[in-house]
Number of protein chains: 2
Amino acid sequence: MKIGNNSLKFNGVYIKDSSTAVGPLESAGPLKDYFDYRFPDLYCNADSWEKAEINLVKTCIDDLIKKTNLSDTEIDFIVGGDLNNQDAVTNYAVRDYNIPLLGVYSACATSAEAMIVASSLVDSANAKNIIVTSSSHNATAERQYRNPTEYGGARPDSATFTVTGAGTCLITNQKSDIKIESATIGRVLDAKQKDANDMGSAMAPAASQTIKVHLEDLGRSAEYYDLILTGDLSSVGKPILIDILKEQEIDIEHNHNDCGLLIYDRKKQNVFAGGSGAGCSSAVTFGYIMSMLRENKLKKVLLVATGALMNPIMIFQKESIPAIAHAVSLEKI
Amino acid sequence: MKIGNNSLKFNGVYIKDSSTAVGPLESAGPLKDYFDYRFPDLYCNADSWEKAEINLVKTCIDDLIKKTNLSDTEIDFIVGGDLNNQDAVTNYAVRDYNIPLLGVYSACATSAEAMIVASSLVDSANAKNIIVTSSSHNATAERQYRNPTEYGGARPDSATFTVTGAGTCLITNQKSDIKIESATIGRVLDAKQKDANDMGSAMAPAASQTIKVHLEDLGRSAEYYDLILTGDLSSVGKPILIDILKEQEIDIEHNHNDCGLLIYDRKKQNVFAGGSGAGCSSAVTFGYIMSMLRENKLKKVLLVATGALMNPIMIFQKESIPAIAHAVSLEKI
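What counts as what
Residues numbered from 1 in each chain as written. Chains lettered and ligands numbered in written order. Predicted model: local features only at pLDDT ≥ 70, side-chain atom pairs only at ≥ 80, totals over all residues. Heavy atoms only, no water. Domains from an automatic or database assignment. Buried area = accessible area lost by both parts, 1.4 Å probe. Salt bridge = Lys/Arg side-chain N within 4 Å of Asp/Glu carboxyl O. Polar contact = N/O pair within 3.5 Å; in protein donor to acceptor, adjacent residues only side chain to side chain. Helix = DSSP H or I, 4+ residues; strand = E, 2+ residues; numbered from the N terminus. Nonpolar A, V, L, I, M, F, W, Y, C, P; charged D, E, K, R; others polar. Buried < 20%, exposed > 50% of the residue type's maximum accessible area, 1.4 Å probe, protein only. Contact = heavy atoms within 4.5 Å. Axes fitted to C-alpha atoms, helices over the stretch in contact; angles between N-to-C directions. Parallel < 35°, antiparallel > 145°, perpendicular 65-115°, else oblique. Left-handed = near helix turned anticlockwise from the far one by under 90°. Least-squares fit on C-alpha atoms with pLDDT ≥ 70 in both. Expected span 1.5 Å × (residues − 1). Pairing = 2+ DSSP bridges.

Participant: I'm lost on the domain arrangement of chain A in this one. Help?
Facilitator: The accessible area lost on association of the parts is a frequent measure of interface size. All names here are of chain A. Parsing chain A into structural domains produces domain 1 (2–172) and domain 2 (178–332). Inter-centroid distance (C-alpha atoms) of domain 1 to domain 2 is 17 Å. Both faces combined, the contact of domain 1 with domain 2 buries some 4,900 Å², and carbon together with sulfur accounts for 63% of it. Our count for the domain 1 to domain 2 interface comes out at two salt bridges. A salt bridge links Asp17 to Arg294; the shortest N-O distance between them is 3.6 Å. At the boundary of domain 1 and domain 2, one finds 30 residue pairs in polar contact (both at pLDDT 80 or more). Those elements that place two or more of their residues in the side of domain 1 that touches domain 2 are β2 (7–9), β3 (14–22), α1 (24–27), α4 (110–123), β7 (129–136), α5 (138–145), β8 (161–162) and β9 (165–172). Element by element, the count of residues in the side of domain 1 that touches domain 2 is highest for β3, at seven residues. Each residue belonging to the side of domain 1 that touches domain 2 can be placed in one class, and the counts come to 30 nonpolar, 21 polar and eight charged.

Below, the structure is given as structure tokens:
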């Protein structure tokens, strides 16, 4: 049901299970025990970066199908995307399954967009079981958006480090202990930021807009949530987000965190301002957050996946970088 | 409601109105009178190809908002995408509207995917009014998928010519004379085709799969439809599609056509095997087909938008080109 300006309230939409796969740096980070598969090198048993990312996605989907004990025909649809041009990794990964695909893209906010599209299909009895997937790989993303990692170019402290990882979950109409309660679809917001090495500043205004609209639409204060978890604002974007919301009398200082700050240990790991990528929010949400909810350490979580809608050709044409953020409210029953 | 394996049957989902904008070659083609805006040159009042395509999209959205007499706040969401890396044209076009965006991508099948996602949201009372958009531009697509047009590279006869055009429609729960009756979500099918200059051969098997599944799911024969309209199979893909279906005892020889064959006059216009692109199916459907339905010249149309999920990096890695096709059933009431 549509609620308020930009939000949806779902009835009977649950997460049955999830699966995650990550690369070597994420396997050495503070959340390592929460991931299902940890690949010891960036090639992930493949011979190219793109095929490595395809393996991450397929590893998760295979594992999820096994965990949920569903056959191809019981899974209605796959909804997902990635950061590669033309969602290539998702398209190539999915060709090996006999399941229809809805490809989505909103940069690093893809995980939340996929959850919203899937939840809306399940909510309306248009589907019973949907696999949601999103991924990123450090070497595919750097080559595409900036420079190939092999160049070894120096990067400023405001840059984020693209997570090598994939996350999937099964969204279902069968009651489970984790409910997808509501969601807010984001509007594209261009904060006129032009630095391709500072995504945090580009995305923080979009995140603040979505959080504000979500709380207004649902008639909630920020304290309603145990945790408001942005996708990849990093150490640069986090304080900007908190400041913007404070100016609007919304205080999230004590219940905000960022997937990009959780996945790495910035003191010990050389990741600049923190993690980013469509695999960052999905690996952290479907790995760590799912566990926290299951163990009752968190009860109400607002996932706010954040996406810088960057395209190198538009940067060459001196355009700024628009951003978007989609929010999904998860509740432990 | 889910019906059969991969299909949805909608209840109370309509198209209120539509708008289209095209470039110079489309403005000289046989469907010229059905487009709302005809730009006399490829720059479409902009100073780069990407900005030209953004202008095509914004021209249509502005016109659609005017025609439907709706304000920003009455339009719930925009659902759409394009062929540019990272859906850039859609993202940049939409930043100027205060309307939430769900970005989707399935190559030249994007128009149908966007219609399906939007119809499912309206069907479930999650939205009342949604703008659907998709576009392509000859010069942006050629630069991205093959070579910049400025190179003037020779092309084989199997190549298609990317349409410069955009199409939008408003999908609503308010009764109108054109109903979105049902849809079938496609599965990714890889026919192991590797030639980036022959998309028709890559897509025809995916189109045949979706048509077969649609007819089975809905319990219909092919004659149920006045017209089965594929997106951009061209003169190469059309006979392949008809042959594959004939082998499965489905005869569409007399009620099949292809948007890519309708939009140009191949005898007079130098477009090789015909038109293609995400703007091809959307301009033809939201321009010509909408008029044919309104004038009762067509009653039941199955739009089968076809997408080659091609990515140049995967081609360099000697991978084949997977394809997808999504079907949407339109009925004149």
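Participant: Can you help me understand the side chain of A:Ser7 in this one?
Facilitator: Residue and element names in this part refer to chain A. Among the secondary structure elements, Ser7 is positioned in strand β2. Its relative accessible area of 0% is what places Ser7 among the buried residues. There is a polar contact of 2.7 Å between the side chain of Ser7 and the side chain of Asp217. The residues contacting Ser7, other than those within four sequence positions of it, are Met1, Lys2, Ala183, Thr184, Val213, His214, Asp217 and Leu218.

Participant: Which parts of the structure should I look at to understand the packing of helix α6 (residues 199–218) of chain B against helix α7 (residues 234–247) of chain B?
Facilitator: Working note: a packed helix pair is described by the angle between its axes plus the distance between those axes. Residues and elements named next belong to chain B. α7 packs onto α6 with a crossing angle of 40° between their chain directions and a minimal axis gap of 8 Å. Classed by the angle they form, the pair α6 and α7 counts as oblique. As for the relative orientation of α6 and α7, their crossing is right-handed in sense. Residues Gly200, Ser201, Ala204, Pro205, Ala207, Ser208, Ile211 and Lys212 of α6 touch α7, and the partners they reach there are Ser234, Val236, Gly237, Ile240, Leu241, Ile244 and Leu245. When its residues are assigned to classes, the contact of α6 with α7 shows nine nonpolar, five polar and one charged.

Participant: What is the right way to look at the relation of the copies chain B and chain A in this model?
Facilitator: Both copies of the chain are related by a screw-like operation: a rotation about an axis and a shift along it. The transform that puts chain B on chain A rotates by 180° and translates by 0.0 Å along the axis, for an RMSD of 0.0 Å. What the rotation and shift describe, once combined, is the action of a two-fold rotation axis. For chain B, the smallest separation between a C-alpha atom and the rotation axis is recorded for B:Val104, amounting to 2.1 Å. Most of the interface of chain B is mirrored in chain A, where 100% of its interface residues are also at the interface.

Participant: Would you take a moment to explain α6(B) for this structure?
Facilitator: Along an α-helix, residues three or four apart share an orientation, since each turn contains 3.6 residues. All names here are of chain B. For α6, which comprises 20 residues, the first-to-last C-alpha distance of 28 Å matches the rise-based estimate of 28 Å (1.5 Å per residue) to within 8%. For α6, a buried count of 18 out of 20 residues is recorded, marking the element as mostly surrounded by other parts of the structure. Where α6 begins, the capping side chain belongs to Asp198, and its oxygen is found 3.5 Å from the backbone nitrogen of Gly200. Following α6 by one or two positions, Gly219 has its phi on the positive side, about 65°.

Participant: What is the right way to look at the interface of chain B and chain A in this model?
Facilitator: Contacts between chain B and chain A engage 59 residues on the former and 59 residues on the latter. Buried surface at the junction of chain B and chain A, summed over both partners, amounts to about 5,000 Å²; 55% is from carbon and sulfur atoms. Looking at the side of chain B facing chain A, the largest losses of area belong to B:Gln86, B:Tyr92 and B:Arg95, adding up to 15% of the total buried there. Here chain B is connected to chain A by six salt bridges. At the boundary of chain B and chain A, one finds 33 residue pairs in polar contact (both at pLDDT 80 or more). Those elements that place two or more of their residues in the side of chain B that touches chain A are β2 (7–9), α2 (49–68), α3 (88–94), β6 (101–103), α4 (110–123), α5 (138–145), α10 (312–316) and β16 (322–332) of chain B.

Participant: For this particular structure, what's the right way to read the pairing of β3(A)?
Facilitator: Regular strands place their side chains on alternate faces of the sheet. Residue and element names in this part refer to chain A. The element β3 is largely enclosed, with a buried count of eight among its nine residues. Sheet analysis places β3 next to β9, joined by eight bridges and oriented antiparallel. Bridge assignment links Ser18 to a residue of β9, and that residue is Cys169.

Participant: Whenever I open this one, the pattern of salt bridges confuses me. Can you help?
Facilitator: It is possible for side chains bearing opposite charge to pair when their charged atoms get close. Residues and elements named next belong to chain B. Taken as a whole and assessed by the stated rule, the structure comprises 34 salt bridges over all chains. Residue Lys58 is joined to Asp96 by a salt bridge in which the shortest nitrogen-to-oxygen separation is 2.5 Å. Note that Lys58 is positioned in helix α2 and Asp96 in the loop between α3 and β6, a separation of 38 residues in sequence. Asp96 gets classed as partly exposed once you look at its relative accessible area, which sits at 47%.

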